[in-house]
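What the coordinates show
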Amino acid sequence: MAQLETISEQKCFGGVQGFYRHRSAACGVDMRFAVYQPPSALEGARVPVVTFLSGLTCTEENFVVKAGAQRVASELGLMLVCPDVSPRGEEVADDEAYDLGQGAGFYLDATQAPWSPHYRMYSYVTEDLAAAVSQNFPADTARQGIFGHSMGGHGALTLHLKHPDVYRSVSAFAPIVAPMCCPWGEKALTAYLGPDREPWRDYDTTELIKSRPSQATLLIDQGAADTFLEGQLKPELLVEACEAAGQHVDLRMQPGYDHSYYFIQSFVEDHLRHHASVLAATS
């Protein structure tokens, strides 16, 4: 049984919003995550789980506090799980820049020093976090989805494509879809994985789609006024890869919206209903 420390729990829309801490074997440090349990979970039902992966500089709190997702999750009977975005602590390597080190885990398993001892967010999400949730909450692990924002959108898409039988539904807000082709990604992948670009392909959505498209529909919302759109996000590369591989994608360009949580708030209900619809049909 994965041991949890409860940091706090509050009633919210008839359910409970909780924050927890546990020891991660993958990262070698204590990690924090948030779980929203809808009313049906508190009444004894095993409920579908949707994991949200946050973006650069975020923690387990940003989505929980800013997205306004609990009301709809309560209605739909969805459990929401939100981990921190990286390992943290004095013993964990860091960088002065916001886009590398603590707060910038990129949901991969680092192979290069000084990052490799702790920066193993891919294994953390798929193993340690998954075990903590399944062993301590009424989660129906046969019905799981994943979504995320920016760096977390990159994480959600790549984890789905690697584990389509685990994460049955997937969506993203303004995801980094081609980290091999943008400054954020090139910096992080070089640091964490080394200069050889071949291992990078395993953490690049557009490259994964070329070799292993899934049967799911990728729901993507992208703000047309996002200042990172052309230089970092490049959704057109995702569309090209999906068209070539036969991957279903629903890219919705949203006029006037930027990269912020105001954007996420505006469309999070659509995403939760997308996940609920897919997971309801999953046995």
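My aim in this report is to walk through the structure given alongside it, one point at a time. (Residues numbered from 1 in each chain as written. Predicted model: local features only at pLDDT ≥ 70, side-chain atom pairs only at ≥ 80, totals over all residues. Heavy atoms only, no water.)

Moving on, we come to the packing of aromatic side chains. Using the criterion set out here, one finds 15 aromatic pairs in the structure. Pairing Y20 with F33 gives two aromatic rings, centres 5.7 Å apart and planes at 35°, and the pair type is tilted. Taken as a pair, Y20 in strand β2 (residues 15-23) and F33 in strand β3 (residues 30-37) lie far apart in primary sequence, 13 residues in all. The same class applies to Y20 and to F33, which are both buried. Among the aromatic residues, those joined into a ring-pair cluster are F52, F63, F147, F173, Y257, F263 and F267. (Phe/Tyr/Trp six-rings, centres within 6.5 Å; stacked < 30°, edge-to-face > 60°. Helix = DSSP H or I, 4+ residues; strand = E, 2+ residues; numbered from the N terminus. Buried < 20%, exposed > 50% of the residue type's maximum accessible area, 1.4 Å probe, protein only.)

Taken together, E230, E236, E240 and E243 make up a surface patch of like negative charges. For the negative patch, the leading source of residues is helix α9 (residues 235-245), giving three residues. By secondary structure assignment, the location of E236 is in helix α9. (Patch = residues over 30% accessible without salt bridge, like charges linked within 9 Å, V, L, I, M, F, W, Y side chains within 5 Å. Areas by Shrake-Rupley, 256 points an atom, 1.4 Å probe, with all protein chains shown as cover. Salt bridge = Lys/Arg side-chain N within 4 Å of Asp/Glu carboxyl O. Lys, Arg positive; Asp, Glu negative; His and termini not counted. Charge placed at Lys NZ, Arg CZ, Asp CG, Glu CD.)

This next bit is on helix α10 (residues 261-280). With 20 residues, α10 should cover 28 Å at 1.5 Å per step; its first-to-last C-alpha distance of 27 Å lies within 8% of that length. The largest bend along α10 measures about 50° and falls at F267. Within α10, burial applies to Y261, F263, I264, F267, V268, H271, L272, H274, H275, A276 and L279. Between the side-chain oxygen of the N-cap and the backbone nitrogen of Y262 there are 3.2 Å, and the N-cap of α10 in question is S260. (Expected span 1.5 Å × (residues − 1). Bend = angle between axes of the 7 residues up to and from the residue. Polar contact = N/O pair within 3.5 Å; in protein donor to acceptor, adjacent residues only side chain to side chain.)

Considering the arrangement of structural elements, one finds E60 in the loop between β4 (47-53) and α2 (62-66). For E60, the side chain forms a polar contact with the side chain of R32, separated by 2.7 Å.

In terms of nonpolar packing, the biggest core is built from 92 residues, with F33, F63, M79, F106, Y124 and Y192 touching the most fellow members. Here F106 is in contact with L56, V85, D99, M151, H154, I176, W184, G185, A188 and Y192, once residues within four sequence places are set aside. (Core = buried A, V, L, I, M, F, W, Y, C linked by side-chain atoms within 4.5 Å. Contact = heavy atoms within 4.5 Å.)

Summed over the entire model, instances satisfying the criterion amount to 18 salt bridges. Residue R88 pairs with D84 through a salt bridge whose shortest N-O separation is 2.6 Å. According to the relative accessible area criterion, R88 is partly exposed, its value standing at 29%. The buried category is assigned to D84, whose relative accessible area is 5%. E198 is the salt-bridge partner of R201, the closest N and O atoms lying 3.2 Å from each other. Bridged by salt links that share partners, the residues R71, E75, E269 and R273 form one connected network.

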